[in-house]
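# Structural overview
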Amino acid sequence: MLPGRVLDLFARQYSLVGRHQLLDRCSAAERRRLVRHPDIDRAGPRVLRHRAGTVDLGQQLLLPVLDAGPGALLWGHAATHWWGFGRFRAFPVHVTRPRNGTRTPHVGIVHVTRHLDPALDATVHRGIPIVRPERLLLWLARADTERYGHDIGALRLERTLDHAWRERLVDGHRIHDLAARCSGKGNSGIVILRQLLESRPPDYRPTDSNLEKRWEEVVGTLARSFRRQVTLGDDAPIGRFDQVHVDRPLVVEIHSEKHHTMPSDVADDEDRADRLVDAGFAVVIYWEYDIWHDASTVRRTLGAILSRPHEALIHRPTRAPHLTLPVPGAPNDH
């Protein structure tokens, strides 16, 4: 029978155990019996696998990490795939390890590095030792600019950074600390990363949709005076709203036809807007069509509203695009 402490390892590690992990858990005799056990086979030169396990993605990614020895971490595109960055392939599997690692051959592609701080740059995610997302973004900054050039590389990194931030994979304070820690050390991607972080402070919240991002592009510098996705209402929350001005009681809502044109949707939206007005807020309602196809009207009307003294009312600069459910009072204010 297998020792319980070894079975626990198999259970936690996708039915895999690195031989280096057995050194402080088993005697030499126990290790020899383990290798000959009928339920155990060799998954790699330095890794054992329990036959009861399933060969899934987690096992395929952990195998090269265990094979590379103590201190090894999942790295590169395989790591970004495991974190869920999107659009990255898991194979071939790249691993990074300290200099005092095992010799070749390896199951995966092994990189030796001296620049990763285990206390700051390493963690365990879904059972696999892995490099933290912040450090992977710095690596992507270099890899993408070397492959695609500065402009395209910067654009790709910006999209990946916002996706990771939106999915809460990135911690704002950690990535700012990383940028400060790695500046001036020959990291070719640090310049692009620091440029992107200039407009993304540690408490930055990325847009939750392309529609929000498009609105910010349309209104330009006016967007700096708004906070995204803010919940309003103290004892009885009115709801979470797309854009809320930081200095005055002004809310901007951007309605899509998909979610705001059915009778129940219209009634809910009217109730929310009325409650905001009762609470002293001015409400500006734009439609998705306006954001994409009538940018000049959006910029002009928002600028005009901000230039006037505050008045708690509902502004509808344009008419709702659906015809069967006209919104009362559109396109005029009321």
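As a starting point, this report considers the structure included with it. (Residues numbered from 1 in each chain as written. Predicted model: local features only at pLDDT ≥ 70, side-chain atom pairs only at ≥ 80, totals over all residues. Heavy atoms only, no water.)

Turning our attention to the sheet that holds strand β3 (residues 47-50). If you trace the three strands from one edge of the open sheet to the other, you get β1-β3-β2, paired in antiparallel fashion. Where the open sheet ends on each side, the last strands, each with one partner, are β1 (16-18) and β2 (40-44). Within this sheet the neighbouring strands show an average axis-to-axis angle of 35 degrees, counted without direction. Alignment of β1 against β3, held across three bridges, turns out to be antiparallel. When the sheet's bridge partners are listed, Val 17 is paired in β3 with Leu 48. (Pairing = 2+ DSSP bridges. Helix = DSSP H or I, 4+ residues; strand = E, 2+ residues; numbered from the N terminus. Axes fitted to C-alpha atoms, helices over the stretch in contact; angles between N-to-C directions.)

This paragraph deals with helix α1 (residues 4-12). Along an α-helix, a turn takes 3.6 residues, which lines up residues three or four apart on a common side. If you check which residues of α1 are buried, you get Val 6, Leu 9 and Phe 10. Down the axis of α1, the sector holding all buried residues measures 100 degrees, keeping them to one side. Exposed side of α1, more than 90 degrees from the buried face: Ala 11 and Arg 12 are the residues found there. For α1, the elements touching its buried residues are β1, α2 (28-36), β2 and β3. Phi for Tyr 14, located one or two positions after α1, is positive at around 55 degrees. (Buried < 20%, exposed > 50% of the residue type's maximum accessible area, 1.4 Å probe, protein only. Arc of directions from axis to C-beta. Contact = heavy atoms within 4.5 Å.)

So, on to the packing of helix α4 (residues 76-83) against helix α6 (residues 133-148). The description of two packed helices rests on the angle between their axes and on the distance between the axes. It is the contact of α4 with α6, at a shortest axis distance of 10 Å, that shows an interaxial angle of 135 degrees. Between α4 and α6, the interaxial angle falls into the category oblique. Where α4 crosses over α6, the handedness of that crossing is left-handed. Contacts between α4 and α6 involve Gly 76, His 77, Ala 79, Thr 80 and Trp 83 on the former and, on the latter, Pro 133, Leu 136, Trp 139 and Leu 140. (Parallel < 35°, antiparallel > 145°, perpendicular 65-115°, else oblique. Left-handed = near helix turned anticlockwise from the far one by under 90°.)

There is a patch of like negative charges on the surface, built from Asp 268, Asp 271, Asp 274 and Asp 278. Relative to the helices and strands, Asp 271 resides in helix α12 (residues 263-278). Asp 271 sits in the partly exposed class, given a relative accessible area of 42%. (Patch = residues over 30% accessible without salt bridge, like charges linked within 9 Å, V, L, I, M, F, W, Y side chains within 5 Å. Areas by Shrake-Rupley, 256 points an atom, 1.4 Å probe, with all protein chains shown as cover. Salt bridge = Lys/Arg side-chain N within 4 Å of Asp/Glu carboxyl O. Lys, Arg positive; Asp, Glu negative; His and termini not counted. Charge placed at Lys NZ, Arg CZ, Asp CG, Glu CD.)

Before going further, it helps to spend a moment on the packing of aromatic side chains. Enumeration according to the criterion identifies four aromatic pairs in this entry. On the basis of an interplanar angle of 55 degrees and a centroid distance of 5.6 Å, the ring pair of Trp 75 and Trp 139 is categorised as tilted. Pair noted here: Trp 75 is in strand β4 (residues 73-75) and Trp 139 is in helix α6, with a separation of 64 residues, a long-range link. The two residues Trp 75 and Trp 139 agree in class, both being buried. Arranged with centres 5.1 Å apart and planes meeting at 80 degrees, the rings of Trp 165 and Tyr 204 form a pair that is edge-to-face. (Phe/Tyr/Trp six-rings, centres within 6.5 Å; stacked < 30°, edge-to-face > 60°.)

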